[in-house]
Amino acid sequence: MNSENESISFDVLIVGAGPAGLSAAIRLKQQAKKLQMNLSVCVLEKASEVGGHIISGAIIESRVLSELFPDWENLGAPLYTKVAQEFFLFLTQASYFKLPIPTQFSNNGNYIISLGKLCRWLALQAESLGVEIFPGFPAAKLLYSSDGSVKGVVTADMGLDKKNNQTDHYQQGIEIYAKQVIFAEGCRGSLSKQIINKYKLDNQSEDQVYGLGLKELWEVQESNFEEGEIFHTVGWPLPADVYGGSFLYQLENNIISIGLVVGLDYKNTWLSPYDLFQQFKSHPYIQKIIKGGKRISYGARTLSEGGFQSLPKLTFPGGMLIGDSAGFLNVPKLKGTHMAMQSGVVAADALIQHFKGNVNLANKEVIGYGKQIKENWMWDELYRARNIKPAFSLGLKTGLLYSAFDSYVLRGMGVWTLKHKHVYLQRKGKTKKSISPEYDGIITFERLSSVYLSNIHHIEDQPCHLQLKDATKAISINYKQYASPEERYCPAGVYKIVKQPNAEVRLQIDAQNCLHCKACDIKDPSQNINWVVPEGGSGPNYAMM
Amino acid sequence: MKILIPIKKVLDPAVHVRVKSDESGVDITNEKMSINPFDEIAIEAALQLKESDATSELIAVTCGADDAVSVLYSAMAMGVDRSIHISTDMELQPLAIAKLLARVCITENPSLVICGKQAIDDDASQVPQMLAGLTGWSQAMFVTEIENKSENELLVTTEIDGGLENLKITLPAVISTDLRLNTPRYITLMNIMKAKKKQLDVISSDSLSVDVEPRLQTLKVVPAPDEREGEIVNNVDELIIKLKERTRMI
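Here the structure is a predicted model, which is why all the values come from computation and not from measurement.

Asker: What exactly am I supposed to notice about the nonpolar core here?
Answerer: One broad trend across soluble globular proteins is that nonpolar side chains are buried collectively. Residues and elements named next belong to chain A. Judged by nonpolar contacts, the single largest core of 88 residues is most densely connected at Ile14, Leu44, Leu65, Val153, Phe183, Phe328 and Tyr369. Residues contacting Phe328, with those up to four places away along its chain left out, are Leu311, Leu314, Gly323, Gly336, Met339, Ala340, Ser343, Tyr369, Ile373, Met378 and Leu382. Residues Val83, Leu89, Ile456 and Ala519 belong to the second largest nonpolar core, which totals 86 residues.

Following this line, the structure appears as structure tokens:
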């Protein structure tokens, strides 16, 4: 790494080809075209192809898509299945009750989609508008100007071995400069995290809170399939003090999407979101649907659940945050795609206003973006939803009652704003150990057979991308005080405590199983795990998550 | 030297194949597709030959539907000079592909054709041999080493049962690459940008007047039975008991 990196410059660089990043890229090029302006836009994506790391329920409101492409239907956008019937259920172990659906959370008119497919389609549109998209090239490091502003990123090196030595195939990362860098990495982006810290963007906001979503796709028997039917559940198998719920969406061609979202602000170190998800599928109501079917895909990803209260400042010198990198998820509505896309559109519009006047945006902070977000419908939407998630910190039933009151009576316009309560993982002695789960291999499965369905590609001989800031803490704190919660919260079985006779207990990290969900970067009790990007193209290859 | 490298777009090796529920084939909708890994080795071999002879011209060729061009751009990003896409919506079987490639060999007149030894989707390993037959050129299959001896000769090492065979072949020739020949290089971002500006010619398969009608019919595709799970035994005695119980090996 002695030689200087190669470099290349663009007007705008976008990190992450998800719905937010691609919408921003598309809007920039569309507006530039209208104004007959030359504007170069580059998108970096760590997955080996666009959509490969995208995972979402997903139900989407088509309003932003319609704004970008009024004729999206003719252009073949992959929105095929409209929500036809919707339930909201409260589950007990053996039974269920139907709950009413507040009108503002109704999915009437929305589409059940694969977000991965939608992103692939958006990428095609973006490329035809002249956006340069580079899948398989993760942004690994930030580049700062001497005045402290962001001036670009360095892509990840390729061909380093486990010990950081260069192999015969070593390819040094290249430096990509841009007048403005838009971070659209999704929840807990590895560069966004550094940006938020460096510019103290979260000074005025509450701490972000997170959830971990786990999802499977099933091909079910035709007789059990009801196209367009969806439901959400709360209650069993989640303990009453854990925020979360499930979803089941019936897409097309007998494919259903089934998932569980667990708030990562849980206290019990023994809790295992993965096992709760497996257990959830054994509920009679769910079994009835998936019985005789075949599981075809599995994945997991964290999401930002802080909403309005946790939204950081969105701009800094040289760039901005959009999508879930900032935290634009409407938690009670369980929807973020339209918000992510809209934030990309607003960011693009703010940039265009300056580019139009030939302003050199290098090193500048485009504060107009933050202002325009506040004038946009998405600000109002986020504001109205702000009190639901924190109300659940008082327990499931209180939360449900409050939500009903807030949604039906106040319609989100209460004068107060509830705070997110800080919750820390409790030590192992303080909480009850749960019984080890059993998997039947038909409806419930162990972690590794699930990870197999994520189509992970990961060259083993590369530096470990799950870095421990202090390796001794894995045993002295995590193992001794918390009974190594990473063994349970990791949905891919990456972390394993190895006990061998005549040897000290040690933590084994199987980084090649990593699904890039970022749960470890969030949930580690002493914030000792740092998730960085691995070699380009590593990680899952989701086909239609 | 002019080198032609036929390549194929296949399901990415990291993706696990799923058989369609009607057993008509495997479901590749939305799955990640890549250059056949053996063809990547062929490209790398050609690039290495070019490194020792800068006057070489490397041409990648693929046959298939419009979306097949993505592998040609990957090949050009690796360093191939230009590409040819033989476009067709027909299902192509090995003989049809070999015939189409033979036509390209007539128009391009390369000194060497380097193929991957087989495609990982159908594992047929037929195109290189058929192409050599149709063109009447020399052939060396499953090559693990290549040495450029002179303008009209090539020294290659091929794998045979129980050993290695050293061959001297006269050009023009068709060779197919084994896994051990080399490790393909990474594609760099700069080269992806350069590849977008390289020449890509599209030829309709109809214009080549070749009979590409399928000769083989797929009756049904079934998934392999699940592998039995491994089991850890505590000692040799236990192992022997289990082997006696479950197999007739002892």
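Asker: Help me understand the sheet that holds strand E9 (residues 163–170) of chain B, please; the structure alone is not making it clear to me.
Answerer: Residue and element names in this part refer to chain B. Here we have nine strands laid out as an open sheet, ordered E9-E8-E7-E10-E6-E1-E4-E5-E11, and mixed in their pairing. Sheet topology places E9 and strand E11 (200–204) at the edges, where each strand pairs with a single neighbour. Each strand of the sheet is rotated relative to its neighbour by a mean of 30°, with strand direction disregarded. Looking at chain direction, strand E7 (residues 138–150) and strand E10 (residues 173–177) are connected through four bridges and run parallel.

Asker: Teacher, can you tell me more about the sheet that holds strand E3 (residues 59–60) of chain A here?
Answerer: One key point about sheets: their strands pair by backbone hydrogen bonds, in either a parallel or an antiparallel sense. All names here are of chain A. One open sheet accounts for three strands, arranged E3-E7-E4; its pairing is antiparallel. The open sheet has two edge strands with one neighbour each: E3 and strand E4 (81–82). In terms of strand pairing, E4 meets strand E7 (residues 111–112) through two bridges, oriented antiparallel. Its bridge partner lying in E7, Lys82 is registered against Tyr111.

Asker: When you look at the packing of aromatic side chains in this model, what are you seeing that I'm missing?
Answerer: Each aromatic ring pair is specified by the distance between its two centres and by the angle formed by the two planes. All names here are of chain A. Within the structure shown, the criterion is met by 13 aromatic pairs over all chains. Pairing Trp72 with Tyr111 gives two aromatic rings, centres 5.6 Å apart and planes at 90°, and the pair type is edge-to-face. Within this pair, whereas Trp72 is found in the loop between helix H2 (63–68) and E4, its partner Tyr111 is found in strand E7, the two being separated by 39 residues in sequence. Given the relative accessible area of 10%, Tyr111 is considered buried. Consider the rings of Phe308 and Tyr383, whose centres lie 5.2 Å apart with planes at 75°: the pair is edge-to-face. Here Phe308, found in the loop between strand E18 (294–304) and strand E19 (315–316), pairs with Tyr383, found in helix H9 (residues 377–384); they are 75 residues apart in sequence, far enough to count as distant. Relative accessible area serves as the criterion here: at 23%, Tyr383 is assigned to the partly exposed category. A network of ring pairs unites the aromatic residues Tyr96, Phe231 and Tyr285 as a single cluster. Against the face of Phe445 rests Arg295, its NZ or CZ located 3.8 Å from the ring centre.

Asker: Help me out: how do you make sense of the interface of chain B and chain A in this one?
Answerer: Often, the extent of an interface is quoted as the loss of accessible area on bringing the components together. Facing 19 residues of chain B, the contacting portion of chain A comprises 31 residues. By the criterion of area lost to chain A, the three top residues of chain B are Asn30, Tyr186 and Leu189 of chain B, representing 32% of everything that side buries. Where chain B touches chain A, the interface holds two salt bridges. When the shortest N-O distance is used, the salt bridge between Arg18 of chain B and Glu219 of chain A registers 2.9 Å. At the surface where chain B touches chain A, the tally comes to eight residue pairs in polar contact (both at pLDDT 80 or more). Here the residues of the side of chain B that touches chain A are counted per class, giving nine nonpolar, five polar and five charged.

Asker: Quick question: what am I supposed to make of the packing of helix H1 (residues 19–34) of chain A against helix H7 (residues 337–356) of chain A here?
Answerer: A pair of packed helices is captured by two measures, namely the crossing angle of their axes and the spacing between those axes. Residue and element names in this part refer to chain A. Closest axis-to-axis distance for the H1/H7 pair is 7 Å, and the angle between their directions is 35°. In this structure, H1 crosses over H7, and the sense of that crossing is right-handed. On H7, the residues that touch Pro19, Ala20, Ser23, Ala24, Arg27, Leu28, Gln31 and Ala32 of H1 are Thr337, Ala340, Met341, Gly344, Val345, Ala348, Asp349, Leu351 and Ile352. A per-class count over the contact of H1 with H7 returns 11 nonpolar, four polar and two charged.

Asker: Just checking my understanding: could you explain helix H3 (residues 115–128) of chain A for this structure?
Answerer: Since the α-helix advances by 3.6 residues per turn, residues separated by three or four positions end up pointing in the same direction. All names here are of chain A. In a regular helix each residue adds 1.5 Å, so 14 residues correspond to 20 Å; H3 covers 20 Å between its end C-alpha atoms and thus fits that length. Burial of H3 is extensive: 11 of the 14 residues sit out of reach of the surface. Where H3 is buried, its residues touch H1, E3, H2, strand E8 (132–135) and H7. Positive phi appears at Gly130, one or two residues downstream of H3, with a value of about 100°.

Asker: What am I meant to see in H7 of chain A here?
Answerer: Residues and elements named next belong to chain A. Taking 1.5 Å per residue, 20 residues should reach 28 Å; H7 reaches 28 Å between its end C-alpha atoms and fits that length. The buried count for H7 comes to 17 of 20 residues, which makes it a mostly enclosed element. Two residues or fewer after H7 comes Asn358, characterised by a positive phi angle close to 60°.

What counts and how
Residues numbered from 1 in each chain as written. Chains lettered and ligands numbered in written order. Predicted model: local features only at pLDDT ≥ 70, side-chain atom pairs only at ≥ 80, totals over all residues. Heavy atoms only, no water. Core = buried A, V, L, I, M, F, W, Y, C linked by side-chain atoms within 4.5 Å. Buried < 20%, exposed > 50% of the residue type's maximum accessible area, 1.4 Å probe, protein only. Contact = heavy atoms within 4.5 Å. Pairing = 2+ DSSP bridges. Helix = DSSP H or I, 4+ residues; strand = E, 2+ residues; numbered from the N terminus. Axes fitted to C-alpha atoms, helices over the stretch in contact; angles between N-to-C directions. Phe/Tyr/Trp six-rings, centres within 6.5 Å; stacked < 30°, edge-to-face > 60°. Lys NZ or Arg CZ within 6 Å of the ring centre and 35° of its normal. Buried area = accessible area lost by both parts, 1.4 Å probe. Salt bridge = Lys/Arg side-chain N within 4 Å of Asp/Glu carboxyl O. Polar contact = N/O pair within 3.5 Å; in protein donor to acceptor, adjacent residues only side chain to side chain. Nonpolar A, V, L, I, M, F, W, Y, C, P; charged D, E, K, R; others polar. Left-handed = near helix turned anticlockwise from the far one by under 90°. Expected span 1.5 Å × (residues − 1).

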